[in-house]
Amino acid sequence: MTKKDIGDFAKNQRIKVVYPDIVFSRKEKREKKLSDLSDNHLINKCIPIASLLLAVLITVSVGLFLYMGINHLNGSTPGSTTILEEPELVDALKDVQDRGVLIAMHGWVHEDYSTLTPLQIKENIEKGKQVFEKAGIVPVAFILPLEPINGVIDASLKQEIESNGISTRLPALETNGYYRNEYTWDWRTMESFEDPRFQEASEQIKEENPTIILLHVQDWNPYTKQFLTDYLSSTNKMNITIRVDDVEVNTQPEVISDMAQLTQYKSVGQVAFSVIPAGAGKGDNPTIGNINVNKIMVIYFGFFIITTLLPLSFLVIWKLLSEWQKKRKQNKHLLKDGRDPKDPRTKGPMLVSIIAPAYNEEKAIGKCLQSILDQDYKGEMEVIAVNDGSSDRTAEIISTYPVKLLDLKVNGGKANALNKAIEIAKGDILIFTDSDSYMAPNAVSSLVKCLNENKDTQMVAGNVYIHDNHGKKGFMKYFQMIEYRTEQEITRHLQGLSGSILVCPGPLTAVRCKVCDVIKFSNETIVEDADFTIKALKNSIKIIQEPKAIVYTNAPETVKGWYKQRKRWWYGNLQLWRLHKKWAVRNLWMIFNYSGYIIGICSIILILSMPILILQYDNIPLVLMSGTLCLAFSIMLYLILIGPLFATDKKLLLMLIPYVLIYATIKVVVLSILFLCYLTGKGVKVKFGAKTFVVR
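Residues numbered from 1 in each chain as written. Predicted model: local features only at pLDDT ≥ 70, side-chain atom pairs only at ≥ 80, totals over all residues. Heavy atoms only, no water.

A. Quick look at the sheet that holds strand β11 (residues 404-408). Here eight strands make up an open sheet; going across it, the order is β11-β10-β9-β12-β15-β14-β16-β13 and the pairing mixed. Here the strands that pair on one side only, and so sit at the sheet edges, are β11 and β13 (437-439). Neighbour-to-neighbour, the strand axes of the sheet open up by a mean angle of 30°, direction not taken into account. Note that strand β14 (residues 459-466) and strand β15 (residues 509-512) share three bridges and pair antiparallel. (Pairing = 2+ DSSP bridges. Helix = DSSP H or I, 4+ residues; strand = E, 2+ residues; numbered from the N terminus. Axes fitted to C-alpha atoms, helices over the stretch in contact; angles between N-to-C directions.)

So this is what it looks like as C-alpha cells:
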C-alpha cells in the first residue's frame, strides 16, 4: 500500500529510524551485554539447539516407524499380490521348468532374513511353499534375498532356513567366497549399445571368462541379451550357470520365455530363476512416464512429516525446556536470598496513559471503556479515547464516560489516531487497546509490574483471548480460540524469551513513553501494530510477553468474516516482509513465518495431485487405508503435543481433531491464495478504516 492509496494524512506518519542509543544509553547496553555472559544466558542459548536435536530425533523415529509400518501393511495384508494372481506368469514358469530351468524360492517378499526371528523365517518359508505348490512349481533351493556379495551365508542363518526343509545350496553357484561380478547391474536404464557400460562389461567378461553369471530380471533388455549371447557363443568355458534374481509378480511372461532361451547354448550348463512369491502387483508399483509413483509418495510423506511434525515438536520441546529452566532459576534465587523472585522490590505506581482508538464502534466502545475504568491498578491513569471520524454514535457514547475524548472529524486510519493520542498522552507508560476489546481487571497492573520488574524491557505484549459471551459458539469461534491460545502460549512465549516478539497485539500492548519518541505508528502497511513492533525490534528494543495481562476480543463467527480479517493480517505480513526485507532475512522468526506461505503453496499442489497418484494403483482401498492410518497416527501425536494446553477446557480439547482436519486446511488454502496474489502483484482488496483499497 502506498501513501497515495491511503491518503495525504500518511505523509506525516513517516519517521526517520534513529539509532537506539538515542533512547537507551550506552551504559545500559554495556551492562546488558555483561549480564548476557552469565551461565543462565548460556543455558538459554543451548536450549533451542537441544530442542531442535530432540525434535529431529523424534521426527526421524516417527517417520521411520510410519514408513516401515505402511510398507509392512502393504506387504502382509490378505490383499497382497502373489504370483498365483498372474496365471500367465505361472504358466511361463512351469513351462521353462519343464524345459530344464531351475526354480528357486527368493524369500517371501524379498525381506532381509538376517533381521527376522526364527518364527518369522518359518512362517515366510511355509507361505512361499504353499504358493509354489498351488502354482505347480517345485523349488529346488532357497536363494537368500539380500545375499552377501561373496555368496557366503552366515552359518546360523543357513541352518535356521534349512531346518524348514529347504536347501540353501544351488551347487553350481558355490563360489568359495570369491567376489561375483554382476556385469549387467542397473542396465535397465541403458538406451544404446554405445553406452560406456556395455563396452566396459564386454571387455571385462572376456578377460575374466566366468563360469557363473548373475543378473536381475529387471535388467533384461536387448542390450543385456546381446551382451550374454556374444559371450556365451564365443567362450571356451562349459557348464556355465546363469542365475536370474528377482523374478516377481510384475515380470512379463515373455521375458521368462526369452531368458529361458539361454539354455540352448552349448556353453550353458543350467539356468536358475530366483522367484519372489509375493509382493506389490503391477497396479501397486505404478509409474507415470518413467517416474515411480511409490517414490513420489515417499517424497510426499517426507514433506508432510518434515513440515508439520518437526516444527511442532521443536517448538513444544523448546517451551517445556525453557519453562523447566525458568523454574530452576527461580528456585535457585529463592534458596540463595530467601526472596521470591516473582515479587521483587519495584518502583511505586506511576502515571499510565491508556489509548483506545475507535471507528464506528458504538456497540462495543462502552464495554471497552468500562473495563478500563474497572482496572485494579493503584496508580494514576488517564484514558484517551479517540473517535476516528466515526459516522455512528461512537463519540456520543465516549462523552458519557470520565475519559479524554480526542474527536477527529475525518477518518485518518488507526495509525493516525494512535499517533494523535500519543502526542497528548502524559503517562510514563502507554497502553494501547482496541475499542472492540475489553481488559481483565488486572491487565494494567500486570503490564506495569512486568515493566517495573524488567528494567531492560521497553515493550510488553498482553495475551489476547477470544471473548466468551456464554452464548452459542460455532465451529469458527472454537477454532480461533484454539489458534489464539496455541499461538500465544507457544510461539509468542518463545519469541518473548529473547525479547523479540514479532507482533505486539493491538488489543493490549504496553510501551514506555520514550519509545514513542523514536517510533511512530505508520500507514505504510495494513498491519500497523506489527509494523510498529518490527520497527521497535530494528531499534534493538526488547519486547516480552506478560501472560497475566489478558484482554478479550471478538472473533468473526462466519467463514466470510474470518476471511476478511485474515486477509488483512496475512497479506499485511507479506507487506512487512517486503518493507523490512533486509532485516527480515536475518531474523529466524520472520523466515519461519514466511516459510509458512511457501509450504502452503507446496501443500496445495501436493494435495491436488494426490488423487491422480492414488488412481494409478490397483488396490486403492489398501492405499487409502494406509494413508488413513498414517493420518490418524499424526493426529494422535498432535494431541499428545498440544493437548496439555487445553487440559482444563474439555470443549476445546474435543475440538482439536476437527481443528487439525478442517481449520488447518482452510488456513493453508487462504495463505496460498494470498501468497499468489502477492507474488503476481495482483494484490487484495481490503477495508482500511472508512476506505477500501487494493493493496499490493
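B. The arrangement of the sheet that holds strand β4 (residues 240-247) in detail. An order of β2-β5-β4-β3 is seen for the four strands of this open sheet, with the pairing classed as parallel. Each end of this open sheet is capped by a strand with a single partner; those strands are β2 (102-105) and β3 (212-216). Between one strand axis and the next, the sheet turns by 20° as a mean value, whatever way the strands run. Bridge count between β2 and strand β5 (residues 268-275): four bridges; the pairing is parallel. Within the sheet, the bridge partner assigned to L102 lies in β5 and is A272. Strand contacts of helix α4 (residues 87-98): β2, β4 and β5, with the helix running at about 155° to β5, the strand carrying the most contacts. (Contact = heavy atoms within 4.5 Å.)

C. Layout of a nonpolar patch on the surface. On the surface, a cluster of nonpolar side chains totalling about 600 Å² of accessible area is made up of L52, V56, V60, L64, Y67, M68 and V298. Counting residues per element, the nonpolar patch draws most heavily on helix α3 (residues 39-76), at six residues. Within the fold, V298 resides in helix α10 (residues 293-337). (Patch = residues over 30% accessible without salt bridge, like charges linked within 9 Å, V, L, I, M, F, W, Y side chains within 5 Å. Areas by Shrake-Rupley, 256 points an atom, 1.4 Å probe, with all protein chains shown as cover. Salt bridge = Lys/Arg side-chain N within 4 Å of Asp/Glu carboxyl O.)

D. Quick look at helix α14 (residues 443-453). Within α14, eight of the eleven residues are buried, leaving the element largely enclosed by the surrounding structure. Taken residue by residue, α14 has A443, V444, S446, L447, V448, C450, L451 and N452 as its buried positions. (Buried < 20%, exposed > 50% of the residue type's maximum accessible area, 1.4 Å probe, protein only.)

E. Structural detail: the confidence of the model for the chain. Of the residues in the chain, 86% have a pLDDT of 70 or more, and the chain-wide mean is 86. Considering each helix and strand of the chain separately, the mean pLDDT is smallest for helix α1 (residues 3-6), with a value of 40, and largest for strand β12 (residues 429-432), with 98. Every residue in residues 75-79 scores below 50 in pLDDT, and together they form five contacts with partners more than four places removed in sequence or on other chains. (pLDDT = per-residue confidence, 0-100.)

F. Structural detail: the pattern of salt bridges. For the structure on display, the rule yields 20 salt bridges. Of the charged contacts, one joins E323 and K319 as a salt bridge, the two residues approaching to 2.8 Å between their closest N and O atoms. Residue E323 and its partner K319 are located together in helix α10, separated by four residues, close to a single helical turn. Its relative accessible area of 29% is what places E323 among the partly exposed residues. A relative accessible area of 10% means that K319 is categorised as buried. E483 is paired through a salt bridge with R566; the nearest N and O atoms lie 2.8 Å apart.

G. Representation of the packing of helix α7 (residues 196-208) against helix α8 (residues 222-234) within the structure. The N-to-C vectors of α7 and α8 enclose an angle of 20°; their axes lie 10 Å apart at closest approach. Here α7 lies roughly parallel to α8, going by the angle between them. In this structure, the crossing between α7 and α8 has a hand that is right-handed. Facing F198, A201, S202 and I205 of α7, the residues of α8 in contact are Y223, Q226, F227 and Y231. Residue composition of the contact of α7 with α8, grouped by class: six nonpolar, two polar and no charged. (Parallel < 35°, antiparallel > 145°, perpendicular 65-115°, else oblique. Left-handed = near helix turned anticlockwise from the far one by under 90°. Nonpolar A, V, L, I, M, F, W, Y, C, P; charged D, E, K, R; others polar.)

H. Structural context of the pairing of β3. Taking burial as the measure, the five residues of β3 include four buried ones, the bulk of the element. Relative to β4, β3 runs parallel, the two being bridged by five bridges. By the bridge assignment, I213 is partnered in β4 with I242. In the classification by handedness, the crossover that spans β3, the intervening α8 and the parallel β4 is right-handed. (Right-handed = clockwise from strand over helix to strand, strands pointing away.)

I. View of helix α17 (residues 559-579). The end-to-end C-alpha distance of α17 is 29 Å, a good match for the 30 Å that 21 residues give at a rise of 1.5 Å each. Of all the bends in α17, the largest measures some 25° and sits at R566. Along α17, the residues classified as buried are W562, Q565, R566, K567, W570, Y571, G572, L574, Q575, L576 and W577. (Expected span 1.5 Å × (residues − 1). Bend = angle between axes of the 7 residues up to and from the residue.)

J. Representation of the side chain of T394 in the model. Looking at the secondary structure, you find T394 in helix α12 (residues 394-398). In this structure the side chain of T394 is engaged in a polar contact, spanning 2.9 Å, whose partner is the backbone nitrogen of E361. Only 2.6 Å separates the side chain of T394 from the side chain of D392, close enough to count as a polar contact. Here T394 is in contact with A358, N360, E361, E362 and N387, once residues within four sequence places are set aside. (Polar contact = N/O pair within 3.5 Å; in protein donor to acceptor, adjacent residues only side chain to side chain.)

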